[in-house]
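Architecture at a glance
One letter stands for each residue in the lines below.
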Amino acid sequence: MTDDGFIVLEDVEKVFQVRRRARGRLRRERHEVRAVDGISCAVARGEMVGYIGPNGAGKSTTIKMLTGILTPSGGRLRVAGIDPSRQRARLARRIGVVFGQRTTLWWDLPLRDSYALMRRMYRVPEARFRANLDRCVELLDLGGLLEVPVRQLSLGQRMRGDITAALLHDPEVLYLDEPTIGLDVVSKATVRRFLRELNASLGTTVLLTTHDLTDIEQLCERVMVIDHGRLMYDGALGGLHEVGESERTLVVDLERELPPIEGIEGARTVRTRGPRQWLAFPASASAAPIVSQVADGYPLVDLSVREPDIEDVIARMYSGL
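Cut-off values and rules
Along each chain, numbering runs from 1 in the same order as the chain's sequence is written. The predicted origin of the model limits local features to residues at a pLDDT of at least 70 and limits the giving and counting of side-chain atom pairs to 80 or more, whereas totals for whole chains, interfaces and linings rest on all residues. Side-chain descriptors were evaluated using all non-hydrogen atoms of the structure, hydrogens and water having been removed beforehand. UniProt positions are given in the numbering used here, feature names are shortened, and annotations may be inferred rather than shown by experiment. Numbering of helices and strands runs from the N terminus, with a helix taken as a DSSP run of H or I at least four residues long and a strand as a DSSP run of E at least two residues long. By definition here, a helix of n residues has an expected span of 1.5 Å times n minus one. Partly exposed residues are those whose accessible area sits between 20% and 50% of the maximum for their type, while under 20% is buried and over 50% is exposed, using a 1.4 Å probe and protein chains only. In this description, contact between two residues means that some pair of their heavy atoms is separated by no more than 4.5 Å. What makes two strands pair is DSSP finding at least two bridges between them. Every angle, taken between N-to-C directions, lies between 0 and 180 degrees, and every axis is a line fitted to C-alpha atoms, over only the stretch in contact when it is a helix. Patch rule: a residue counts if its relative accessible area is over 30% and it has no salt bridge; like charges are joined within 9 Å, and nonpolar side chains (Val, Leu, Ile, Met, Phe, Trp, Tyr) within 5 Å. Surface exposure here means Shrake-Rupley accessible area, sampled with a 1.4 Å probe, where a residue is shielded only by the protein chains that are shown. A carboxyl oxygen of Asp or Glu within 4 Å of a side-chain nitrogen of Lys or Arg is what we treat as a salt bridge. If an angle is under 35 degrees, it is roughly parallel; if it is over 145, roughly antiparallel; if it lies from 65 to 115, roughly perpendicular; otherwise it is oblique. A crossing counts as left-handed when the near helix is turned anticlockwise from the far one by less than a right angle, and as right-handed when that turn is clockwise. Note on residue categories: nonpolar means Ala, Val, Leu, Ile, Met, Phe, Trp, Tyr, Cys or Pro, charged means Asp, Glu, Lys or Arg, and polar means any other residue, Gly included. Disulfide: a pair of cysteine sulfur atoms within 2.5 Å of each other.

An unreviewed UniProt entry annotates the protein as ABC transporter ATP-binding protein of Streptomyces daqingensis. UniProt lists a comment for the protein under the heading Subcellular location (unreviewed entry), and it reads "Cell membrane".

Here's what the structure looks like:
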């Protein structure tokens, strides 16, 4: 692989040595765990890429190597031409990182004070800092929260605060590890809208790991799937659905209990419970014509569309290999 990408991984590996107690033995035996197993890929400057997979697949380990927190056991890795583990301080000025379940903010300080400390850490000029903070405050709706201590913020508010903190120094790359985990619908929409604006206006390269396929569908044109440390798919999300033959589910609430819905082109009823029925249809298909058929033929009260779990998509993909 050549250096034609802004982020480049060539046969990157990360191996951990762990000790486990074998059955019937008192001593622990050493075992090798390959968290990342020979990944090669390249991400162009300005791309917004989804990096997905089940728990324990190696996503967070990859992000930690890309930020320099972990050193690869093998292979070659570059971010903007920089070796992350050897030039971590230099790289830190060019990247931003948000871990959904851990905050980089000071717990007992108001957001404004945390941001002021980060300005000094990154040596951001006052005018540049003020412009970046004002943009993030406006787009992420943080105006009334700058004086609130981090410990008093809701999960959604803290996440928006963490994203702002990661962007105060104008990073060229933004790593997002589960940025919408546990957020309500409104907070998710706010974060997604902001990330689209950030990528479109500033050309920030974004690598997003998530279990929420809606995040990927609304933000990324490209998706990479990792499982057991190996890159299993790299391409469009629609292509992943086709490979795995994954399905979405239309959950229909009727006025009363009826026999299973039949005759809906492109969908089939897979479950019923009282007036509620579940219809499965290909994830690559539009829900609109199916909803229209159901509404025309049945006494509809409410409906919703459920996306397939990433684990289900990957399981179906493997079943077709």
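Moving on, we come to helix α5 (residues 155-167). The end-to-end C-alpha distance of α5, which contains 13 residues, comes to 19 Å, matching closely the 18 Å that a straight helix rising 1.5 Å per residue would cover. In terms of residue burial, α5 counts as a mostly covered element, since 11 of its 13 residues are buried. Three or more residues of α5 are buried, namely G156, R158, M159, R160, G161, D162, I163, T164, A165, A166 and L167. Considering only its buried residues, α5 is in contact with β5 (95-99), α3 (111-122), α4 (126-139), β6 (173-177) and α6 (185-202).

Two orientations exist for strands paired in a sheet by backbone hydrogen bonds: parallel and antiparallel. The 3 strands lie next to each other as β2-β1-β4, forming an open sheet whose pairing is antiparallel. Among the strands making up the open sheet, the edge pair consists of β2 (28-43) and β4 (74-79). Ignoring strand direction, the axes of neighbouring strands in this sheet form an average angle of 30°. With respect to the sheet, helix α1 (residues 59-67) is in contact with β1 (7-21), β2 and β4, its orientation differing from that of β1 by roughly 120°.

Below, the discussion takes up a nonpolar patch on the surface. The grouping of W106, L117 and M121 at the surface amounts to a nonpolar patch, some 280 Å² of accessible area in total. Position of M121 relative to the elements: it lies in helix α3.

Interhelical geometry of α3 versus α4 gives an angle of 140° and a closest axis separation of 11 Å. It follows from the interaxial angle that α3 and α4 lie oblique. Between α3 and α4 lies a crossing whose hand is right-handed. Contact residues: α3 offers R112, Y115, A116 and R119, while α4 offers E126, F129, R130 and L133. Tallied by class, residues from the contact of α3 with α4 come to 4 nonpolar, no polar and 4 charged.

Attention now goes to the state of the cysteines. In this structure the tally under the stated criterion is 0 disulfides. Unpaired in terms of disulfides, C41 finds its nearest cysteine sulfur in C220, a separation of 14 Å. Its relative accessible area of 6% is what places C41 among the buried residues.

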